[in-house]
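These are the residues of each chain, in order.
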Amino acid sequence: MRIRDRRADDEPEINLVPLIDVILVLIIFFVVTATFDARSVLKLELPRATGEPSGDASQALVVLVNAEGRYFVGDREVLRDDLESLKTTIAEVAGDDRDRTVMLRADARTPYQAVVTVYDALGQLGFRKIMSATAPPPGAAARPAAAPAGASR
């Protein structure tokens, strides 16, 4: 009787399950450790204004409008450019706090209608404290501070 060697019939195979597991772990690692900064992604050229900066804007709700007229509320992008979508996103991000200050940062090349749409949405939602971000005029940092009243030179 002849005994057959079964090892010769086994064909080598590559098991892909551990490879897929490693790739999924790497993807999760990169997604979790990636930093998303809206200021680095959105390049805004703010309009210029002469005037003194207003008070503390650190707790303000930020609404960005880029040069193409796309809206960003906080760190969320409004997917459609209609008024209702903008109002829905602002309401979700702001919650029930209508006394919160809103900082509107619009690019200088933004279509005026996009800025009016933001003001309209904020007004319909009941926001009354709205600031518009502007860039200082060129050379403003180089100007000397004004002397106090009554000081002699």
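Cut-offs applied
- Residues numbered from 1 in each chain as written.
- Predicted model: local features only at pLDDT ≥ 70, side-chain atom pairs only at ≥ 80, totals over all residues.
- Heavy atoms only, no water.
- UniProt positions renumbered as here; feature names shortened; annotations may be inferred.
- Phe/Tyr/Trp six-rings, centres within 6.5 Å; stacked < 30°, edge-to-face > 60°.
- Buried < 20%, exposed > 50% of the residue type's maximum accessible area, 1.4 Å probe, protein only.
- Pairing = 2+ DSSP bridges.
- Helix = DSSP H or I, 4+ residues; strand = E, 2+ residues; numbered from the N terminus.
- Contact = heavy atoms within 4.5 Å.
- Axes fitted to C-alpha atoms, helices over the stretch in contact; angles between N-to-C directions.
- Polar contact = N/O pair within 3.5 Å; in protein donor to acceptor, adjacent residues only side chain to side chain.

An unreviewed UniProt entry lists the chain under the name Transport energizing protein, ExbD/TolR family, from Lysobacter enzymogenes. You can read under Sequence similarities (unreviewed entry) in the UniProt record for the chain the words "Belongs to the ExbD/TolR family."

**A closer look at the packing of aromatic side chains**
Tallied over the entire structure, the rule returns 1 aromatic pair. Taking 5.5 Å as the distance between ring centres and 65 degrees as the angle between the ring planes, the aromatic pair formed by Phe-29 and Phe-30 counts as edge-to-face. Note on Phe-30: relative accessible area 53%, which makes it exposed.

**Remarks on the sheet that holds strand S1 (residues 61-65)**
Pairing in this open sheet of 5 strands is mixed, and the strands run S3-S2-S1-S4-S5 from one edge to the other. The open sheet has two edge strands, strand S3 (76-77) and strand S5 (130-132), and neither has a second partner. Where strand S2 (residues 71-73) lies against S3, 2 bridges are found, and the strand directions are antiparallel. Note that in S3 the partner of Val-73 across the bridge is Arg-76. Those strands touched by helix H3 (residues 83-94) are S1, S2 and S3, and its axis lies near 20 degrees from that of S2. Its contacts with the sheet place helix H4 (residues 112-125) against S1, S2, strand S4 (102-106) and S5, and it is angled at close to 170 degrees to S4.

**Details of the side chain of Thr-117**
Turning to its location among the elements, Thr-117 is positioned in helix H4. Judged by relative accessible area, which is 12%, Thr-117 ranks as buried. Within the local environment of Thr-117, its side chain forms a polar contact with the backbone oxygen of Gln-113, the two atoms lying 2.7 Å apart. Look past the residues within four positions of Thr-117 in its chain and what remains in contact with it is Tyr-71, Leu-83 and Leu-86.

**Observations concerning the pairing of S1**
Side chains on a regular strand alternate between the two faces of the sheet. Extensive coverage of S1 is indicated by the burial of 4 of its 5 residues. The pairing of S1 with S4 spans 5 bridges and is parallel. In the strand pairing of S4, Leu-61 is matched with Val-102. In this sheet, S2 lies alongside S1 in antiparallel orientation, the contact comprising 3 bridges. Among the inter-strand pairings, Leu-64 is bridged to a residue of S2, identified as Phe-72. Here S1 hands over to S2 after 5 residues, with Gly-69 in that stretch at a positive phi of 85 degrees.

**Looking at the environment of Leu-83**
Here Leu-83 is to be found in helix H3. In the structure, Leu-83 is positioned 35 residues away from Val-118 in sequence and 7.9 Å away in space, judged by C-alpha atoms. With sequence-adjacent residues up to four places away left out, Leu-83 is seen in contact with Thr-117, Asp-120, Ala-121 and Gln-124.

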